[in-house]
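One-letter residues, chain by chain:
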Amino acid sequence: QLRKIIGEEPLLRFSDHVEGNGGAFFAEACKLGLEGIVSKRAASTYRATRGRDWQKVKCGMRQEFVIGGYTDPQGSRAGFGALLLGIYDGTDLRYCGKVGTGFDDAMLKTLSTALEKHATDKPPFVDPPTGAEGRRAHWVKPKLVGEISFTEWTRDGTLRHPSFQGLREDKRPRDVVREQPVHLSPIDAPVEAPATKAPGKPRATRASGHA
């Protein structure tokens, strides 16, 4: 029905579905640079509300970044607000955004102690953030490396939707550079998002690409 309604409308495009093979389909969507896929329970109806029958599974990237500073905490958070991140370009540490999510209380405490230990008066970045963000920043020596997941690089070289995953004590800061994406194979790619997993019999799903 939806295909017929859209027809030859030039401003809309019908996105067909694929039954099964969720892992392979997801891997191909990420390889094509799409945002991710939308999967649904095959027997469910189309509704304009959120629910477990529909799941959006986003493609993402993940790599290490050097921590060069932090911002003050806001609200009830203790320690710090966000970490200021960078990557090396030759001998220059270039600023590429901040991350303020993904921390639990234990990690906030651990990182706060480490940040205080490496405090410095000067920014380690050759292009530190400016304006209000720069004035409020606290700088640290580029000694700490964190692993960050994010959805993509923006055109101006910063991270979109970053989330902190943990410290990387095995990685030297000088070795942290911008990495080239490597797409997962269908074997490595997740078949479905964790939130879609439920006890009982496996369910059939339909998936469609989402740009």
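Predicted model, so just to flag it, every value in this text is computed and none were measured.

Note on placement: Ile37 falls in strand 2 (residues 36-41). In this structure Ile37 comes out as buried when scored by relative accessible area, which is 4%. Along the sequence, Ile37 and Gln55 sit 18 residues apart, while their C-alpha atoms lie 8.4 Å from each other.

Burial analysis of helix 2 (residues 22-31) places seven of its 10 residues in the buried class, which makes it a mostly covered element. Of all the residues in helix 2, the buried ones are Gly22, Gly23, Phe25, Phe26, Ala27, Ala29 and Cys30. One or two steps after helix 2, the chain reaches Gly33, where phi turns positive at roughly 80 degrees.

Attention now moves to the nonpolar core. Ranked by size, the top nonpolar core spans 31 residues in total, and within it Phe65, Ile67, Phe80, Leu83, Leu85, Phe103 and Leu115 carry the most contacts. Mapped onto this core, the elements with two or more residues apiece are strand 4 (61-70), strand 5 (83-89), strand 6 (92-99), helix 3 (105-117) and strand 8 (138-150). Here this core gets six residues from one element, more than from any other, and that element is strand 8. One finds Phe25, Ala29, Ile37 and Val57 within the second-largest nonpolar core, a separate group that totals seven residues.

Oppositely charged side chains can pair when the atoms bearing their charge come close. For the structure shown, the criterion picks out 11 salt bridges. Between Arg168 and Asp170 there is a salt bridge, and its shortest N-O distance comes to 2.8 Å. Of the residues examined, Arg168 reaches a relative accessible area of 21% and is grouped as partly exposed. For the salt bridge of Asp175 with Arg172, the shortest nitrogen-to-oxygen distance reads 3.1 Å. By relative accessible area, Asp175 is classed as partly exposed at 39%. On the accessibility criterion, Arg172 (55% relative accessible area) is exposed. Taken together, the shared-partner salt bridges in this structure form one network comprising Arg62, Glu64, Glu147, Arg168, Asp170 and Lys171.

Glancing now at helix 3. Counted at 1.5 Å a residue, the expected span for helix 3 with its 13 residues is 18 Å, and the 19 Å between its end C-alpha atoms agrees. All of the buried residues in helix 3 are Leu108, Leu111, Ser112, Ala114 and Leu115. Elements in contact with the buried residues of helix 3: strand 4, strand 5, strand 7 (119-120), strand 8 and strand 11 (163-167).

Tallied over the full model, the rule gives seven aromatic pairs. Seen from their ring centres, Phe65 and Trp153 are 5.8 Å apart, and the 55 degrees between their planes marks the pair as tilted. Of this pair, Phe65 sits in strand 4 while Trp153 sits in strand 9 (residues 152-153), placing them 88 residues apart in sequence. Side by side, Phe65 and Trp153 carry an identical accessibility label, which is buried. Seen in terms of ring centroids, Phe80 and Phe103 are 5.1 Å apart; in terms of plane orientation they differ by 85 degrees. Their pairing is edge-to-face. You can see Phe80 sitting in the loop between strand 4 and strand 5 and its partner Phe103 sitting in the loop between strand 6 and helix 3, a full 23 residues away along the chain. As far as the burial class goes, Phe80 and Phe103 line up, both buried. An aromatic cluster of three or more residues is present, and its members are Phe65, Phe150 and Trp153. Seen from the ring of Trp153, Arg178 lies directly overhead, with NZ or CZ sitting 4.1 Å from the centre.

The rules behind the values
- Residues numbered from 1 in each chain as written.
- Predicted model: local features only at pLDDT ≥ 70, side-chain atom pairs only at ≥ 80, totals over all residues.
- Heavy atoms only, no water.
- Helix = DSSP H or I, 4+ residues; strand = E, 2+ residues; numbered from the N terminus.
- Buried < 20%, exposed > 50% of the residue type's maximum accessible area, 1.4 Å probe, protein only.
- Core = buried A, V, L, I, M, F, W, Y, C linked by side-chain atoms within 4.5 Å.
- Salt bridge = Lys/Arg side-chain N within 4 Å of Asp/Glu carboxyl O.
- Expected span 1.5 Å × (residues − 1).
- Contact = heavy atoms within 4.5 Å.
- Phe/Tyr/Trp six-rings, centres within 6.5 Å; stacked < 30°, edge-to-face > 60°.
- Lys NZ or Arg CZ within 6 Å of the ring centre and 35° of its normal.

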